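Observations on the three-dimensional arrangement
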Amino acid sequence: MNQDTSRTPQRKTGSGFGKESTAAEVVAGIDLTGRTAIVTGGYSGLGLETVRALVSAGAEVLVGARRPGHAREMLEAAGIPFGLPAGAEGGAVSVGALDLADLASVKSFADGFLSAASGDPAAGLDILINNAAIMASPEQRVGPSWESQFATNHLGHFALTNLLWPALAAGLGARVVSLSSTGHKLSPIRFDDINFDTGYDKWKAYGQAKTANSLFAVHLDFLGRDSGVRAFAVHPGGIMTELQRHLPREEMVAAGWMDQDGNVDARFKTPAQGAATTVWAATSPALQGMGGVYCEDCDIAEPTRTGSPEARIRGVEAHAVDPSDAARLWTLSAEMTGINAFG
């Protein structure tokens, strides 16, 4: 294993926030005026609440969406402002077309951003939140026969982040936040069969993708910190959002997520609570000089306590923060996409 002694320890910091904190609470008192953020999938569920919090703090937020018209309708319905009159205070949101399963779309979105700010391709990007995801979806192949969950959740964001690297490096201490989950506990990276060519399992495929999101943060932080760019992976918690759209109710009842009448288990967070860890990782001054860690409940997570009653729902597995696997995955992802800002 790569012995990087400068890595941020995977242990709690005592942030003062917790499981029930909301995105609005963790961003209170933080001024993001003049800062620019991108949030993929930032128009529903956790993404919408993330955008709401960033805009409330003054940030200009670009939302990447597969269906831009629908995204705009959702953001307008939520009361999030699209642009402000000259001299007005606060942030605002805009929407751009982005299909993470299509590398041509990813390149077009990144190119559009890099050339949009007064024609300056080096304009800074201060916050990139890789939020969009699919979960436990039926088997589907995208691009050159890539498994869709790995391609959408990881490869699309890998390509986007690398393409946006000039703007991130020009930002004011930029942060990249990638949404992982306790799903990472379901599978490490299957380096010998990453596209599930020998048999598809929707939950193992999701688990691999969420492990990839965490390992991506580990290696991006290693590569980017000398340029002032830090990266974090976050587990938002259990929340009922559109992410569950591929799951039948019977499966969620069997898993204990809800009862037969559709009442959600009390352990689940609200979307505003679920977005809190993302916003905390993206904005907290307490994380200055830190990165490359997996976070949960608005703090850095502890390693999983194997055999404990909460081992399945709390903590991070060693395979999701292993520096050697992170470097190996980065190399493989660069080969698969043909994109590497550090190559």
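Note: the structure precedes this text.
Treat the numbers as computed from the prediction; the structure is a model and nothing was measured.

With that settled, consider the overall build of the chain. Helix and strand counts for the chain come out as eleven helices and ten strands. For the chain, the proportion of contacts with a sequence separation of at least 24, taken over those separated by at least 6, is 75%. Per element, the accessible surface of the chain, about 14300 Å² overall, is 50% carbon and sulfur.

What the rule picks out here adds up to eleven salt bridges. Linking Arg-141 and Asp-197 is a salt bridge whose minimum nitrogen-to-oxygen distance equals 3.4 Å. With a gap of 56 residues between them, Arg-141 in strand S5 (residues 141-142) and Asp-197 in the loop between strand S7 (175-179) and helix H7 (202-224) connect regions that are remote in the sequence. Here Arg-141 falls in the partly exposed class, since its relative accessible area comes to 28%. Two residues, Asp-193 and Arg-190, come together in a salt bridge whose shortest N-O distance is 3.0 Å. Taking the relative accessible area as the measure of exposure, Asp-193 reaches 8% and is therefore buried. Through salt bridges with shared partners, one network takes in Lys-269, Asp-297, Glu-310 and Arg-314.

Take the sheet that holds strand S10 (residues 299-300) next. If you walk across this open sheet you meet the eight strands as S3-S2-S1-S4-S7-S8-S9-S10, and the pairing is mixed. One side of each edge strand has no neighbouring strand; the edge strands of this open sheet are strand S3 (92-97) and S10. Strand direction decides the pairing type here: strand S9 (residues 293-296) and S10, joined by two bridges, are antiparallel. Pairing of Cys-295 across the sheet is with Ile-300, part of S10. Against the sheet, helix H2 (residues 45-56) makes contact with strand S1 (36-40), strand S2 (60-65), S3, strand S4 (127-130) and S7, and its axis sits at roughly 170° relative to S1, the strand it touches most. Where helix H4 (residues 103-116) meets the sheet, its contacts fall on S1, S2 and S3, and the angle it forms with S2 comes to roughly 160°.

What follows concerns the packing of helix H5 (residues 148-163) against H7. Orientation of H5 relative to H7, taken along the N-to-C sense of each, is 20°, at an axis distance of 7 Å. Here H5 lies roughly parallel to H7, going by the angle between them. For H5 against H7, the interelement crossing comes out right-handed. Residues Gln-149, Phe-150, Asn-153, His-154, His-157, Phe-158 and Thr-161 of H5 touch H7, and the partners they reach there are Lys-202, Ala-205, Tyr-206, Gln-208, Ala-209, Lys-210, Ala-212, Asn-213, Phe-216 and Leu-220. Classifying every residue of the contact of H5 with H7 gives eight nonpolar, seven polar and two charged.

Moving on, we come to the environment of Val-26. Topologically, Val-26 is positioned in helix H1 (residues 23-27). Separated by 249 residues in the primary sequence, Val-26 and Ala-275 have C-alpha atoms spaced 9.8 Å apart. Excluding residues that lie within four positions of it along the chain, Val-26 makes contacts with Phe-17, Ser-21, Ala-276, Val-279, Trp-280 and Cys-298.

According to the stated counting rule, one finds seven aromatic pairs in the structure shown. Members of the aromatic cluster, connected to one another through ring pairs, are Phe-158, Trp-165, Phe-216, Trp-330 and Phe-342. Of note, Arg-190 hangs over the ring of Phe-196, and the distance from its end group to the ring centre comes to 3.7 Å. Sitting above the plane of the Phe-191 ring, Arg-328 keeps its charged end 3.9 Å from the centroid.

Of all six residues making up S2, five are buried, and the element is well covered by its neighbours. As defined by bridge partners, S1 adjoins S2 across five bridges and the pair is classed as parallel. Pairing of Thr-40 across the sheet is with Gly-64, part of S2.

If you trace the backbone, Ser-21 turns up in the segment before H1. A distance of 2.9 Å separates the side chain of Ser-21 from the backbone nitrogen of Gly-18, its partner in a polar contact. Among residues more than four places away in sequence, those in contact with Ser-21 are Val-26, Ala-272, Gln-273, Ala-276 and Cys-298.

On to the side chain of Lys-210, then. Turning to its location among the elements, Lys-210 is positioned in helix H7. An unpaired buried charge is present at Lys-210: no salt bridge exists, and Glu-147, the closest side chain of opposite charge, is 11 Å distant. When near neighbours in sequence (up to four residues on either side) are disregarded, Lys-210 contacts Ala-133, Asn-153, Leu-179, Ser-180, Ser-181, Gly-183 and His-184.

Once that is clear, we can look at the environment of Asp-31. Assignment of secondary structure puts Asp-31 in the loop between H1 and S1. In this structure the side chain of Asp-31 is engaged in a polar contact, spanning 2.6 Å, whose partner is the side chain of Thr-33.

What follows concerns the packing of H4 against H5. Where H4 contacts H5, the axes come no closer than 9 Å and their chain directions differ by 25°. With respect to their mutual orientation, H4 and H5 come out roughly parallel. H4 and H5 meet at a crossing whose hand is right-handed. Only Gly-156, Ala-159, Leu-160 and Leu-163 of H5 make contact with H4, whose side of the interface consists of Leu-103, Val-106, Lys-107, Phe-109, Ala-110 and Leu-114. A breakdown of the residues in the contact of H4 with H5 according to their chemical character gives eight nonpolar, one polar and one charged.

Analysis parameters
- Residues numbered from 1 in each chain as written.
- Predicted model: local features only at pLDDT ≥ 70, side-chain atom pairs only at ≥ 80, totals over all residues.
- Heavy atoms only, no water.
- Helix = DSSP H or I, 4+ residues; strand = E, 2+ residues; numbered from the N terminus.
- Contact = heavy atoms within 4.5 Å.
- Areas by Shrake-Rupley, 256 points an atom, 1.4 Å probe, with all protein chains shown as cover.
- Salt bridge = Lys/Arg side-chain N within 4 Å of Asp/Glu carboxyl O.
- Buried < 20%, exposed > 50% of the residue type's maximum accessible area, 1.4 Å probe, protein only.
- Pairing = 2+ DSSP bridges.
- Axes fitted to C-alpha atoms, helices over the stretch in contact; angles between N-to-C directions.
- Parallel < 35°, antiparallel > 145°, perpendicular 65-115°, else oblique.
- Left-handed = near helix turned anticlockwise from the far one by under 90°.
- Nonpolar A, V, L, I, M, F, W, Y, C, P; charged D, E, K, R; others polar.
- Phe/Tyr/Trp six-rings, centres within 6.5 Å; stacked < 30°, edge-to-face > 60°.
- Lys NZ or Arg CZ within 6 Å of the ring centre and 35° of its normal.
- Polar contact = N/O pair within 3.5 Å; in protein donor to acceptor, adjacent residues only side chain to side chain.
- Lys, Arg positive; Asp, Glu negative; His and termini not counted.

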